[in-house]
Protein chains: 2
Amino acid sequence: MEPTERDTALSYYKDHQQEYLRELTEFLQIPSISAIPSHQADVRRAAEWLAKRLKQAGVPRVRVDDTQGHPIVFGEAITDRTKPTVLVYGHYDVQPVDPLEQWTHPPFSPTVIDNILYARGASDDKGQLYMQLIAAESWLKTAGLPINLKFLFEGEEEIGSVHLSQYITDHQQDLKADLAVISDTPMFAAGVPAVCYGLRGLATVDIEISGPRQDLHSGVFGGAVANPAHVLASIIAAMHDEHGRVSIPEFYDGVDPLSEEDHRNFSLLPFDEQEFLQQTGSPRLFGEKGYTTLERVWTRPTLEVNGMWSGFIGEGRKTIIPHKAHAKISCRLVPHQNPSAVLDNVIQFIRNRCPDTVELRIERGEADPGTLTPLNHFATQAAVKAIEDIYHQKAAFIRMGGSIPVVVTFDQVLGIPTLLLGFALPDENFHAPNEHFHLENFDKGARTIATLWSLLENMDGQGGTADVNS
Amino acid sequence: MEPTERDTALSYYKDHQQEYLRELTEFLQIPSISAIPSHQADVRRAAEWLAKRLKQAGVPRVRVDDTQGHPIVFGEAITDRTKPTVLVYGHYDVQPVDPLEQWTHPPFSPTVIDNILYARGASDDKGQLYMQLIAAESWLKTAGLPINLKFLFEGEEEIGSVHLSQYITDHQQDLKADLAVISDTPMFAAGVPAVCYGLRGLATVDIEISGPRQDLHSGVFGGAVANPAHVLASIIAAMHDEHGRVSIPEFYDGVDPLSEEDHRNFSLLPFDEQEFLQQTGSPRLFGEKGYTTLERVWTRPTLEVNGMWSGFIGEGRKTIIPHKAHAKISCRLVPHQNPSAVLDNVIQFIRNRCPDTVELRIERGEADPGTLTPLNHFATQAAVKAIEDIYHQKAAFIRMGGSIPVVVTFDQVLGIPTLLLGFALPDENFHAPNEHFHLENFDKGARTIATLWSLLENMDGQGGTADVNS
């Protein structure tokens, strides 16, 4: 049998594997910590290293675009304008490394032990971003890309993607595509490669309750004026029932009942409740009645107090009635909830519960929807097939409880869905000391992505429901 | 009619009034701020000034006793061991003066304008303490004291009387007396001299609720573990009904219903609800149903959250499930409540309400009872008569919502009641800029106290119910 173009591309990749690892090591040596101002030049150095490497790979059009913060690297390789275009997103900035003394190897001196690569950024996200790059190169240096690829690599993901949304809005033409692919998520577990098809959204609100003009002597005034801390506590307490279900009217409007498909997908996963509990360190798990733990964190909206404070919080004692009480609240939303309506309901609930013995100030925060990539989307099925080809096993379908704002921006600004196809393992210490990446998944992941590129060749503009095998 | 001994004493006082004011000015110039370490020598200087001045007044036995903190001044003038002995308490330390720029005159450069003396400590408590001293002197320099007097002046009242209780326990013999008199309280209002016959007690407890081992990502874990902030809020919310009545079982055990006497006393007071509200700056007053504002703050126990905190309280947003939540709680108690039982009930309530999805740590604080000096006590009636003699008007009977721990110590360690007979006005800016003292009350107060000494001559050891006129 004659080798296919894909075989040739994968064979090119295999021949250069050692070189790729050496280059990744070089990339990981750049301490591109976006949060620390003294590393500003390092962040730029990483951007420029990346742009140069994209050009070497054969991407014809590459730019380092300045923002008000750290730069954005843009690349474009157009093969054939009639073919599908995929926008690859990743970030080249990394988290700070504190506490440094807990690292067994220096964070910016990449070290391989037992086929595991230790370095800050190894899994989050330089390693995964680099897999995208070499998967592209293996095609560019052989038969040429089977689809059009665009690259969007930012340097501010770890500080909240401050300038990304504006950049995307400003560069809609450049970024026009049929699909976004992100490799910045974990597999479900070791040996369980997964396609992530759902993310929760986020809506936030801050509350300030003011009572007296200043803290009052609790002996002189206690019993005759409302205490803002009590008012805040009573509002927060009313927000959930005893099983953690949110009591705010209409909060669950739009939430889909768990589908048969979700049920089936989740039941196939090797989920260990005890292990999850141990990860939290809580005495017991807890949550809305009638749902499993995975269902609770993936498919149900939640409301959490992220912070609250009032009065005297120092050492010792101050017998006062505090003049103010504050809370920061965030909701994780699921697809088909209306984030703005959710905030309206939360705010109305707070207003209704707040007595006129105090004053209330509410600050409305962001309101981003949850996102869902249809399981029957062409890209989802292509990813499943690519995983099967390389891992020789069925892909798991997972969702995530967290939020990735750029997915919402891709949806709302560019009008495209996002395929989340990551190869990190959940316990590879992203954001913590001794971050690492299993090179087995670096290898298989790069080959899975290279395979995906060829499978996406037949995707039509709508993503549609076409069978990837057809 | 021949002048009585009291006339002679008051006449001596009158002759020296200008001198006394000059001396008080000297005393007020010493910046005896107990809270600020750099003023330690000033605090001692004030103690020594006071000890010297007591000796000059004719008090035979005077000591400056060291403590682990600021010194205590002790004085003793025994006239006749068969006569009643009164222990006079006061404090010579003062509050810090910040914000200094709000003072219209330097805080330690006493200034008289319109018969009002402006200085830190003028009303709280150097001015009032000094009235006790000159009232004693006016007798000591004339006919001799009609009773035995002991003086206990501390330098740590403004920092919580850190070493006073131990000192009293260690010096029970020295401090043996039939009655304590304190002039560190306000009159009810200008022109309304008052005897304070009740104080609230204080019981405190701190709560710490722990959930996960550390703050958790609210996307990854939100919905599956209990949030300590929610648990704390629900416990605090359950502590009161909507009208501010404490919902903790047995909390009101031992609380006396409002007596006819209390009703009558309070109804005579010129209390302005609007003025009280304005003092607080709250939008509305609020409190337990069926009671007036004065009844609420003077005769009803309360429970207040003095501080609470959990999670992220900085600028911006951190979408976490906090790993801990804390609250500092204090109860103001009224006479005949059992403070220790109140704390037991509060703690039991918290335990009962705390689910096993989190861990609870409770730190039990102090538990001091409320105090009540019987209205028919000989000393109370003597004070009323002294006020009538000097102010030519009926004394008001008031209670106070605050707590004065030394009153509890006098009761529990020395076994004596305390007469609270203060001459400050409620709006003389104790603890604030531009503290002042109305010299009209400095004059009348000193004469009232001098009169009281002679009226107490006939008090028996029990205080009893004997009529002061008999």
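Please read all numbers here as calculations on a predicted model, not as lab measurements.

(A) Fine view of the interface of chain B and chain A. The interface is formed by 75 residues belonging to chain B together with 75 residues belonging to chain A. Between chain B and chain A, a total of about 5700 Å² is buried, with carbon and sulfur atoms accounting for 54% of that surface. Its largest share of buried area at the contact with chain A, chain B owes to Asn306, Met308 and Arg317 of chain B, together 12% of the area lost on that side. Along the contact surface separating chain B from chain A lie 6 salt bridges. Residues arginine 317 of chain A and aspartate 206 of chain B are paired through a salt bridge, measuring 2.7 Å at the closest nitrogen-oxygen approach. Here chain B and chain A share 39 residue pairs in polar contact (both at pLDDT 80 or more) between them.

(B) Structural view of the relation of the copies chain B and chain A. Placing chain B over chain A gives an RMSD of 0.2 Å and needs a rotation angle of 180°, together with 0.2 Å of translation along the axis. Considering both components of the superposition, the chain copies are consistent with a two-fold axis.

(C) Looking closely at the sheet that holds strand β4 (residues 111-113) of chain A. Residue and element names in this part refer to chain A. Pairing is antiparallel across the open sheet formed by 3 strands, whose spatial order is β4-β5-β18. The sheet terminates laterally at β4 and β18 (436-438), the two strands that pair on one side only. Strand-to-strand twist across the sheet, computed as the mean angle between neighbouring axes with direction ignored, equals 25°. Pairing geometry for strand β5 (residues 116-118) and β18, over 3 bridges, is antiparallel. Note on β18: the bridge partner recorded for isoleucine 116 is histidine 438. Along the sheet face, helix α15 (residues 439-455) touches β4, β5 and β18 and points at about 60° away from the line of β18.

(D) Representation of the environment of isoleucine 30 of chain A within the structure. All names here are of chain A. With respect to the helices, strands and loops of the structure, isoleucine 30 is situated in the loop between α2 (17-28) and α3 (40-57). For the pair isoleucine 30 and glycine 365, spaced 335 residues apart in the sequence, the C-alpha separation amounts to 35 Å. Setting aside chain neighbours within four positions, we find isoleucine 30 in contact with Asp42, Arg45, Ala46, Trp49, Phe108 and Lys126.

(E) Here's a closer look at the UniProt feature "domain: Peptidase M20 dimerisation" (unreviewed entry) in chain A. UniProt annotation of "domain: Peptidase M20 dimerisation" (unreviewed entry) refers to residues 197-356 of chain A when read in the numbering used here. Measuring from the first to the last C-alpha atom of residues 197-356 of chain A gives 46 Å, for a span that is 32% helix and 23% strand.

(F) Region of interest: the environment of arginine 447 of chain A. Residue and element names in this part refer to chain A. Its location among the elements puts arginine 447 in helix α15. Linking arginine 447 and histidine 39, residues 408 residues apart in sequence, is a C-alpha distance of 33 Å. Apart from residues no more than four positions distant in its own chain, arginine 447 is found in contact with Leu10, Tyr13 and Ile390.

(G) Here's a closer look at the side chain of arginine 120 of chain A. Residue position: arginine 120 of chain A is located in the loop between β5 and α4 (126-140). For arginine 120 of chain A, a relative accessible area of 0% translates into the label buried.

(H) Spatial organisation of the domain arrangement of chain A. All names here are of chain A. Domain boundaries assigned for chain A yield domain 1 (5-199 + 371-458) and domain 2 (201-255 + 301-367). A straight line from the C-alpha centre of domain 1 to that of domain 2 covers 39 Å. In this assembly, domain 1 packs against domain 2 so that about 410 Å² is buried in total across both faces, 53% of it on carbon and sulfur atoms. When residues of domain 1 are sorted by the area they lose upon contact with domain 2, Leu199, Leu372 and Ser403 head the list and together hold 63% of the total. Seen at the junction of domain 1 and domain 2, the total is 0 salt bridges. Where domain 1 packs against domain 2, one counts 2 residue pairs in polar contact (both at pLDDT 80 or more). Of the residues in the side of domain 1 that touches domain 2, the class split is 2 nonpolar, 4 polar and 1 charged.

(I) Layout of the side chain of glutamate 208 of chain A. Residues and elements named next belong to chain A. Summarising the element assignment, glutamate 208 is placed in strand β9 (residues 201-210). Within the structure, the side chain of glutamate 208 is placed 3.4 Å from the side chain of lysine 324, a separation counted as a polar contact. The contact partners of glutamate 208, leaving out residues within four places of it in the chain, are Lys324, Ala325, His326, Glu359, Leu360 and Arg361.

(J) A look at the confidence of the model for chain A. Per-residue pLDDT for chain A averages 95, and the proportion of residues at 70 or more is 98%. This stretch, residues 464-470 of chain A, has a pLDDT under 50; its non-local contacts, to residues over four places away or in other chains, come to 13 contacts.

(K) Here's a closer look at the pairing of strand β8 (residues 194-199) of chain A. Residues and elements named next belong to chain A. Where burial is concerned, most of β8 is hidden: 6 out of the 6 residues are buried. The sheet contact formed by β8 and strand β16 (residues 396-400) spans 5 bridges and is parallel. Note on β16: the bridge partner recorded for leucine 199 is methionine 400.

(L) Fine view of unusual backbone geometry. All names here are of chain B. For the bond from aspartate 98 to proline 99, the omega torsion is -5°, close enough to zero to count as cis. Relative to the assigned elements, proline 99 resides in the loop between β3 (85-91) and β4 (111-113). Here aspartate 124 and aspartate 125 are connected by a cis peptide whose omega angle stands at 5°. Considering the arrangement of structural elements, one finds aspartate 125 in the loop between β5 (116-118) and α4 (126-140). Phi is positive for asparagine 115, close to 65°, though the residue is something other than glycine. Within the secondary structure, asparagine 115 sits in the loop between β4 and β5.

How each quantity is defined
Residue numbers run consecutively from 1 along every chain, following the written order of its sequence. Chain letters start at A and ligand numbers start at 1, both assigned in the order the entries are written. In view of the model being predicted, local features appear only for residues whose pLDDT reaches at least 70, and side-chain atom pairs are presented and counted only at 80 or more, with totals across whole chains, interfaces and linings using the full set of residues. Processing note: side-chain calculations cover all non-hydrogen atoms of the structure and skip hydrogens and water entirely. Here, residues are in contact when the closest pair of their heavy atoms is within 4.5 Å. Each of two parts loses accessible area, computed with a 1.4 Å probe, when they are put together; buried area is these two losses added. Criterion for a salt bridge: a side-chain nitrogen of Lys or Arg within 4 Å of a carboxyl oxygen of Asp or Glu. Polar contacts here mean pairs of N or O atoms no more than 3.5 Å apart (in protein, one a potential hydrogen donor and the other a potential acceptor; neighbouring residues in sequence count only if both atoms are side-chain atoms). Copies overlap after least-squares fitting; the atoms used are the C-alpha atoms of residues with pLDDT of at least 70 in both. In short, DSSP must find at least two bridges between two strands for them to pair. Helix and strand assignments come from DSSP, with helices taken as H or I runs of at least 4 residues and strands as E runs of at least 2, each series counted from the N terminus. Orientation is described by axes fitted as lines to C-alpha atoms, over the contacting stretch for helices, and by angles from 0 to 180 degrees between their N-to-C directions. UniProt positions are given in the numbering used here, feature names are shortened, and annotations may be inferred rather than shown by experiment. The rule is simple: take the accessible area with a 1.4 Å probe, protein chains only, and divide by the maximum for that residue type; under 20% is buried, over 50% is exposed, in between is partly exposed. For the purposes of this description, domain bounds are those given by an automatic or database domain assignment. Residues are grouped as follows: Ala, Val, Leu, Ile, Met, Phe, Trp, Tyr, Cys and Pro are nonpolar; Asp, Glu, Lys and Arg are charged; every other residue, Gly included, is polar. pLDDT expresses how confident the predictor is about each individual residue, on a scale running from 0 to 100.

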